[in-house]
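Understanding the architecture of this molecule
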Amino acid sequence: MSEAPRKHSLTLGGHRTSVSLEDDFWSGFKDLAAARGLGINEAAREIDAARAPGTGLATAIRLAVLRHYRDR
(Lines give C-alpha, C1' and ligand atoms only; values in the text may rest on other atoms or scores of the structure.)
Protein backbone atom coordinates (compact mmCIF):
# COMPACT_ATOMS: atom_id res chain seq x y z
CA MET A 1 0.00 0.00 0.00
CA SER A 2 1.49 3.34 -1.00
CA GLU A 3 0.94 6.63 0.72
CA ALA A 4 -0.34 9.52 -1.36
CA PRO A 5 1.96 12.54 -1.61
CA ARG A 6 0.85 15.74 0.15
CA LYS A 7 1.70 19.29 -0.87
CA HIS A 8 4.14 21.21 1.30
CA SER A 9 4.97 24.89 0.87
CA LEU A 10 8.52 26.18 0.53
CA THR A 11 10.10 29.55 -0.18
CA LEU A 12 12.96 29.53 -2.69
CA GLY A 13 14.67 32.79 -3.48
CA GLY A 14 11.76 34.79 -2.12
CA HIS A 15 9.21 32.89 -4.20
CA ARG A 16 6.64 30.50 -2.74
CA THR A 17 6.41 27.08 -4.31
CA SER A 18 5.03 23.73 -3.28
CA VAL A 19 6.31 20.19 -3.54
CA SER A 20 4.31 17.00 -3.23
CA LEU A 21 6.05 14.53 -0.94
CA GLU A 22 4.96 11.51 1.02
CA ASP A 23 5.00 12.06 4.81
CA ASP A 24 8.01 9.76 5.26
CA PHE A 25 10.04 11.74 2.72
CA TRP A 26 8.96 15.03 4.31
CA SER A 27 10.08 13.74 7.71
CA GLY A 28 13.38 12.56 6.20
CA PHE A 29 13.83 15.95 4.53
CA LYS A 30 13.41 17.70 7.89
CA ASP A 31 16.01 15.31 9.38
CA LEU A 32 18.39 16.06 6.49
CA ALA A 33 17.99 19.82 6.98
CA ALA A 34 18.54 19.56 10.74
CA ALA A 35 21.63 17.38 10.25
CA ARG A 36 23.07 20.10 8.00
CA GLY A 37 22.15 22.84 10.45
CA LEU A 38 19.73 24.37 7.96
CA GLY A 39 16.09 25.31 7.87
CA ILE A 40 13.79 23.57 5.40
CA ASN A 41 13.86 26.48 2.94
CA GLU A 42 17.66 26.72 2.99
CA ALA A 43 18.02 22.97 2.43
CA ALA A 44 15.50 23.11 -0.41
CA ARG A 45 17.40 26.03 -1.97
CA GLU A 46 20.65 24.01 -1.91
CA ILE A 47 18.95 20.96 -3.44
CA ASP A 48 17.24 23.14 -6.04
CA ALA A 49 20.54 24.75 -7.08
CA ALA A 50 22.27 21.36 -7.41
CA ARG A 51 19.57 19.40 -9.22
CA ALA A 52 20.07 18.22 -12.77
CA PRO A 53 18.15 19.93 -15.56
CA GLY A 54 14.86 18.15 -16.14
CA THR A 55 14.73 16.79 -12.59
CA GLY A 56 11.76 18.03 -10.59
CA LEU A 57 12.28 19.52 -7.16
CA ALA A 58 10.27 16.80 -5.40
CA THR A 59 12.37 14.11 -7.10
CA ALA A 60 15.58 15.93 -6.18
CA ILE A 61 14.46 16.13 -2.54
CA ARG A 62 13.58 12.41 -2.47
CA LEU A 63 17.00 11.56 -3.90
CA ALA A 64 18.74 13.83 -1.38
CA VAL A 65 16.85 12.15 1.46
CA LEU A 66 17.81 8.72 0.10
CA ARG A 67 21.49 9.75 -0.07
CA HIS A 68 21.30 11.25 3.43
CA TYR A 69 20.19 7.95 4.96
CA ARG A 70 22.34 5.77 2.71
CA ASP A 71 25.50 7.71 3.61
CA ARG A 72 24.92 7.66 7.37
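Refer to the structure printed above.
Summarised in this report is the structure supplied together with it.

Reading the values: the criteria
- Residues numbered from 1 in each chain as written.
- Predicted model: local features only at pLDDT ≥ 70, side-chain atom pairs only at ≥ 80, totals over all residues.
- Heavy atoms only, no water.
- Pairing = 2+ DSSP bridges.
- Helix = DSSP H or I, 4+ residues; strand = E, 2+ residues; numbered from the N terminus.
- Salt bridge = Lys/Arg side-chain N within 4 Å of Asp/Glu carboxyl O.
- Buried < 20%, exposed > 50% of the residue type's maximum accessible area, 1.4 Å probe, protein only.

To continue, consider the pairing of strand β1 (residues 6-12). Relative to strand β2 (residues 15-21), β1 runs antiparallel, the two sharing 7 bridges. Bridge assignment links His 8 to a residue of β2, and that residue is Val 19. Hairpin connection from β1 to β2: 2 residues lie between these consecutive antiparallel strands, with Gly 13 at a positive phi of about 60°.

For the structure on display, the rule yields 5 salt bridges. When the shortest N-O distance is used, the salt bridge between Glu 22 and Arg 62 registers 3.0 Å. Remark: Arg 62 occurs in helix α3 (residues 57-70) and Glu 22 occurs in the loop between β2 and α1 (23-35); sequence separation between them is 40 residues. Classification of Glu 22 as buried rests on a relative accessible area of 17%. Note that Arg 51 and Asp 48 form a salt bridge whose closest N and O atoms lie 2.7 Å from each other. Classification of Arg 51 by relative accessible area gives partly exposed; the value is 31%.

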